[in-house]
Amino acid sequence: DAGVIQSPRHEVTEMGQEVTLRCKPISGHNSLFWYRQTMMRGLELLIYFNNNVPIDDSGMPEDRFSAKMPNASFSTLKIQPSEPRDSAVYFCASRTSGGAAGELFFGEGSRLTVL
Amino acid sequence: GDSVTQMEGPVTLSEEAFLTINCTYTATGYPSLFWYVQYPGEGLQLLLKATKADDKGSNKGFEATYRKETTSFHLEKGSVQVSDSAVYFCALRGALGDYKLSFGAGTTVTVRA
């Protein structure tokens, strides 16, 4: 069974450009999370979707960030315009929403560098 | 709010040494506790978990016991290998099926041959 699939794995762009990160969750998982990982801040939850609906976007840092989940098998995280401080590894993760301790499955991440 | 605090690294060990990474938590009720591991260039993956007090999670030679009296979930391994070099994250999911996982800052472990 395929895991969480993220693309691109690496992205280098210039300040001001639009960046779109993509995620395909594990089939059958109805909860999806976007995290950002940096040395300074560690792992930060950006947004959480349940059944394709955004439930909590309080971690989205600014209006420059937006996320969508048009269907159960695809989500995007967009940064427009990008800034150097957005450089980080962005992880998508998914799980089933039922149960007391559903395991969270992470993708391999998208490493973003904004010059 | 719910939070976890884990020992800062980095930790450098020789092969076959004993590893302990401390993790304490703050939460109301009875959260579920996890250890995730991140190998270089990869995403996080679940290492072990415990869902109630006195539960012991174990996997790949690693163990952690959910201690409510000390609000701790320390990770241990009796004899580490070079392949255990990774970043280890303690995490908490609050009671009542809260969707959020609160992660610790991560501890980088390097095992030398």
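Residues numbered from 1 in each chain as written. Chains lettered and ligands numbered in written order. Predicted model: local features only at pLDDT ≥ 70, side-chain atom pairs only at ≥ 80, totals over all residues. Heavy atoms only, no water.

**Some words on the overall build of chain A**
A tally of regular secondary structure across chain A gives 0 helices and 11 strands. Counted from the first residue to the last, chain A has its helices and strands arranged as β-β-β-β-β-β-β-β-β-β-β. By the compact-globule yardstick of 13 Å for 115 residues, chain A fits well, its C-alpha radius of gyration being 13 Å. Dimensions along the principal axes, computed over C-alpha positions, put chain A at roughly 40 × 30 × 30 Å. Going through the 115 residues of chain A one by one, you find that 49% of them count as buried. For chain A, the share of sequence-separated contacts (at least 6 apart) that also reach a separation of at least 24 residues comes to 54%. As presented, chain A carries roughly 5700 Å² of accessible surface, and 50% of it is formed by carbon and sulfur atoms. (Helix = DSSP H or I, 4+ residues; strand = E, 2+ residues; numbered from the N terminus. Rg over C-alpha atoms; globule rule 2.2 N^0.38 Å. Buried < 20%, exposed > 50% of the residue type's maximum accessible area, 1.4 Å probe, protein only. Contact = heavy atoms within 4.5 Å. Areas by Shrake-Rupley, 256 points an atom, 1.4 Å probe, with all protein chains shown as cover.)

**Details of the sheet that holds strand S9 (residues 75-77) of chain B**
All names here are of chain B. Strand order in the open sheet formed by 4 strands is S3-S9-S8-S7, with antiparallel pairing between adjacent strands. Strands at the two margins of the open sheet, each flanked by one partner only, are strand S3 (19-21) and strand S7 (56-59). Taken pair by pair, the neighbouring strands of this sheet meet at an average axis angle of 15°, ignoring direction. (Pairing = 2+ DSSP bridges. Axes fitted to C-alpha atoms, helices over the stretch in contact; angles between N-to-C directions.)

**Observations regarding the pairing of S7(B)**
All names here are of chain B. Across 4 bridges, the pairing between S7 and strand S8 (residues 62-65) is antiparallel. Bridge pairing in S8 links Ser 58 to Glu 63. In textbook terms, the turn of a hairpin is the stretch between consecutive antiparallel strands, and for S7 and S8 this stretch comprises 2 residues, one of which, Lys 60, has a positive phi near 55°.

The values are spatial; any link to function lies outside them.
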